[in-house]
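Letter by letter, the chains look like this.
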Amino acid sequence: MSSTDYNYDDKGQFFPYFILTITSLVTVPVTYSLLRPSKELENTATRIESDFKPDNADLIEGQRRKQKRRERRLKRFVFSVGGWLVMAWMVYLMVVTARTVPKIWDPYDVLGVSRSASEKQIKSHYRRLSLTQHPDKAQVDPSKNITIELINDHWVEITKAFKALTDEEIRNNYLQYGHPDGKQSFSIGIALPKWIVTEGHGKYVLLMYALMLGVLLPYFVGKWWYGTQCVTRDKVLVASAGHLFREYDNDLGDGGVVGVLSSGEEFNEALKGNKADHGASKLEQRILAKGNDSPIAIGMSEKDRRKLEDLEEGARRKALALLWAYLGRVDLDDPTLNDEKLEVAPIALQLNEAYTSIALAYGNTKAVLSAYNTSQNLIQALLPGASPLLQLPYFTSSIARIMEGEGARTHLSIQDFMRIPVDQRKKRATAPGLLTEAQYNCAVMVASQLPVLQVETAFFKVVGERFITPSSLVQFVVKARIIPPGSVNVPDVKEGDLEDIDPAEGDLDALRAQKDDKSAEKPIQPSLAHAPYFTRDRSPRWHAFLADSKQGKIAVPPFTFSTFDKPLLDESGKPTFNVQTLKMQFGAPPQAGRYTFVMHLICDSYVGMDTKMEVTLVVEEASKAEDMDEEDEISEPDEDTIAGQMRTLKSGGLSGVTKPKKRKQEDDSSDGSDTEGDVGSESETDTDTDTDEE
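The structure presented is a predicted model; accordingly, all values stated were derived computationally and were not measured.

### Quick notes on unusual backbone geometry
Reasoning step 1: Of note, Ala381 is a non-glycine position whose phi angle comes to about 55°, a positive value.
Reasoning step 2: With respect to the helices and strands, Ala381 occurs in the loop between helix 18 (365-380) and helix 19 (397-404).
Reasoning step 3: The phi angle at Ser471 is positive, at roughly 65°, despite the residue not being glycine.
Reasoning step 4: Take Ser471: it is sitting in the loop between strand 3 (453-461) and strand 4 (473-482).
Reasoning step 5: Given a relative accessible area of 54%, Ser471 falls into the exposed group.

### Let's talk about the confidence of the model for the protein chain
Reasoning step 1: On average, residues of the protein chain score 80 in pLDDT, and 76% of them reach the 70 mark or higher.
Reasoning step 2: Throughout residues 513-520 the model reports pLDDT below 50, and contacts reaching past four residues in sequence, or to other chains, amount to 12 contacts.
Reasoning step 3: Taken together, the stretch residues 652-694 has pLDDT below 50 and engages in 76 contacts with residues farther than four places along the chain or on a different chain.

### Details of the sheet that holds strand 3
Reasoning step 1: Taken together, three strands build an open sheet; the order of strands is 3-4-7 and the sheet is antiparallel. Single-partner strands in this sheet number two, and they are strand 3 and strand 7 (579-587). Taken pair by pair, the neighbouring strands of this sheet meet at an average axis angle of 20°, ignoring direction.
Reasoning step 2: Inspection of the sheet shows strand 4 paired to strand 7 by nine bridges, in the antiparallel sense. By the bridge assignment, Leu473 is partnered in strand 7 with Gly587.

### Considerations on the packing of aromatic side chains
Aromatic ring pairs are described here by two measures, namely the spacing of the ring centres and the angle between the planes.
Reasoning step 1: Evaluation of the coordinates by the stated rule reveals 12 aromatic pairs.
Reasoning step 2: For the ring pair Tyr126 and Trp155, a centre distance of 5.6 Å and an interplane angle of 25° mean the geometry is stacked. You can see Tyr126 sitting in helix 6 (residues 119-133) and its partner Trp155 sitting in helix 7 (residues 148-166), a full 29 residues away along the chain.
Reasoning step 3: With a centroid separation of 4.3 Å and 10° between ring planes, the pair formed by Tyr248 and Tyr362 is classed as stacked. With a gap of 114 residues between them, Tyr248 in the loop between helix 10 (238-247) and helix 11 (253-261) and Tyr362 in helix 17 (residues 335-362) connect regions that are remote in the sequence.

### Quick look at the packing of helix 19 against helix 21 (residues 422-429)
Reasoning step 1: Two elements in contact, helix 19 and helix 21, have axes separated by 10 Å at closest approach and are oriented at 140°. Here helix 19 is positioned oblique relative to helix 21, judged by the angle of their axes. The two elements helix 19 and helix 21 cross, and the hand of that crossing is right-handed. Across the interface between the two elements, Ile402, Met403 and Glu404 of helix 19 pack against Arg425, Arg428 and Ala429 of helix 21.
Reasoning step 2: Considering only residue class, the contact of helix 19 with helix 21 consists of three nonpolar, no polar and three charged.

### Description of the pattern of salt bridges
Reasoning step 1: Counted by the stated rule, this structure contains 20 salt bridges.
Reasoning step 2: Across the pair Lys583 and Asp500 runs a salt bridge whose closest N-O atoms are separated by 3.3 Å. Taken as a pair, Lys583 in strand 7 and Asp500 in the loop between strand 4 and helix 23 (508-511) lie far apart in primary sequence, 83 residues in all. One exposure class covers both Lys583 and Asp500, and it is buried.
Reasoning step 3: Connected through shared salt-bridge partners, Glu247, Lys307 and Arg316 make up one network.

### Remarks on the side chain of Lys479
Reasoning step 1: Tracing the backbone through its elements, the reader meets Lys479 in strand 4.
Reasoning step 2: We note that Lys479 is buried and unpaired, the nearest opposite charge coming from Asp500 at a distance of 4.1 Å.
Reasoning step 3: In this structure the side chain of Lys479 is engaged in a polar contact, spanning 2.8 Å, whose partner is the side chain of Thr581.
Reasoning step 4: Aside from chain neighbours lying at most four places away, what touches Lys479 is Gln454, Val455, Glu456, Thr457, Phe459, Asp497, Leu498, Glu499, Asp500, Val579, Gln580 and Thr581.

Here is what the cut-offs are and how they apply
Residues numbered from 1 in each chain as written. Predicted model: local features only at pLDDT ≥ 70, side-chain atom pairs only at ≥ 80, totals over all residues. Heavy atoms only, no water. Helix = DSSP H or I, 4+ residues; strand = E, 2+ residues; numbered from the N terminus. Buried < 20%, exposed > 50% of the residue type's maximum accessible area, 1.4 Å probe, protein only. pLDDT = per-residue confidence, 0-100. Contact = heavy atoms within 4.5 Å. Pairing = 2+ DSSP bridges. Axes fitted to C-alpha atoms, helices over the stretch in contact; angles between N-to-C directions. Phe/Tyr/Trp six-rings, centres within 6.5 Å; stacked < 30°, edge-to-face > 60°. Parallel < 35°, antiparallel > 145°, perpendicular 65-115°, else oblique. Left-handed = near helix turned anticlockwise from the far one by under 90°. Nonpolar A, V, L, I, M, F, W, Y, C, P; charged D, E, K, R; others polar. Salt bridge = Lys/Arg side-chain N within 4 Å of Asp/Glu carboxyl O. Lys, Arg positive; Asp, Glu negative; His and termini not counted. Polar contact = N/O pair within 3.5 Å; in protein donor to acceptor, adjacent residues only side chain to side chain.

Right, here's the structure in full:
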């Protein structure tokens, strides 16, 4: 009858293997996550060249370092190094520790005979051993540590070995189980030192198990579960999302959105304890002070001011005041307040993404645009309605007003600023009391690197069809180029680049508009947003959506684009002006007719670089489309028939030459390509566009 025997590693032979295995299971994944190249856009994009250092640059850099610590890269690094050191130590112990290998029981070795010995030779050798090794014959020798017990055990082993080779039953046990006594107990080695479970240490082992299973395991599992349940898909607290939902209003405006964002619970953590009250009165005095460059004079309306004053004292009121101070770039004359001012901006941007999702759920165009405008303002540290020129280094509100001209009713965009003749622009910007020549050159250098997405054309199409029919799957195709402000010698757009060639048959990803004809290449990222006051790296994103201007509602939800299919810069770093293709897909209306939408193409990282244009979707009756297809499929009469000869005479054609069908004639007249001609006809018949860039 077999049993199970548990043996502890009292000599420490297998303990290093146990520790090495457990440590490697944790250390290797942590090291991989530490060294793995990040796929975040902010970690792989290039930067816009600039030597501009904003006010409080040291505080901004400190906030960025703090964020890196929050990402736990330092903790993972320390843990990884410690894990590899432990693993190296275990390998060293494995090398220097002498292994005690258990000896396999061998009856031939016990008797001292060869494996080729016959049964007669084995019996003869056994009789000779009995004359010297039998307990009655062997002598006890204390000097050699030979005791009577050792003699008896040795003779028992000799007897077992002899019977294993001569007795049929015992021999069968040996052949089947490897031992003359039959099936033996199953030994399980536990790779733990024996001192852990020796008498007196059991209570500590029980305490360790209780701590691990009753405290640590529930704590980490509960922390993980709470962490997944307390935040939304937009990575804001569920409670914050509830506050944003309750305070949502279609007519808030850009300043009103800032007030709603201050309701986030995340600010309670950032301003916990005495932080909520420290310097609050001084802060409000600074942002509500009168002056040409004060927030209340530039972008903070009377309604926004009352919103701030009506809030109760606490974290929310201070957070809202800090947000207005950040947007107005107000120096608070207090390092702690300035640091808090910089800290609240990324929190507000994260909350604004959740607010944008809520606005999209309601589908109100004005509210969605306000949310996107707030994102631009937070990234660029601009008050609502401030001049876009403030995005350039060294520009202030007073300098922007001078560049725009006294009494100007609209702001000058960076594109308009760069269109001013060079000599005139430099003269106005470097006038006494404004910018120095070095500051002006820095501002122009930054402006010439900004990614302005200029739409060249936009149209609707159905893949593989000439017409759009009711309820068909429509693609909205936008052809655009990145043209930095102030670019010169911009080449004209090639007609072929404005066409959209249908994908190969069976390419399901392309048919679903999930990739384009350049998808085999690595996506091209624009440079990180030039946002010197924002304490996080931000990769620009473009949001394209269609709106119904009459109802003020979103007709097609936004599609977000952050990469492009063609290079933006050549090897020398100059713009390529390549035509980029952006696509979004939706279902056509169920009724035939002409549907006019307003397309909004919003960049979430820059102010004044959005595009707004009207596009018309033409939906044909399904019967008309079928009739047109049938006409195209009617075969021409053969020339050897009377009808064929009459057709040849009427057309003045030559005998033996087949005239192509009308649609292909038109295709050939455009550029000689039948395929491209079909695509061109799709672009012309499916949509009408009128462009108005803002």
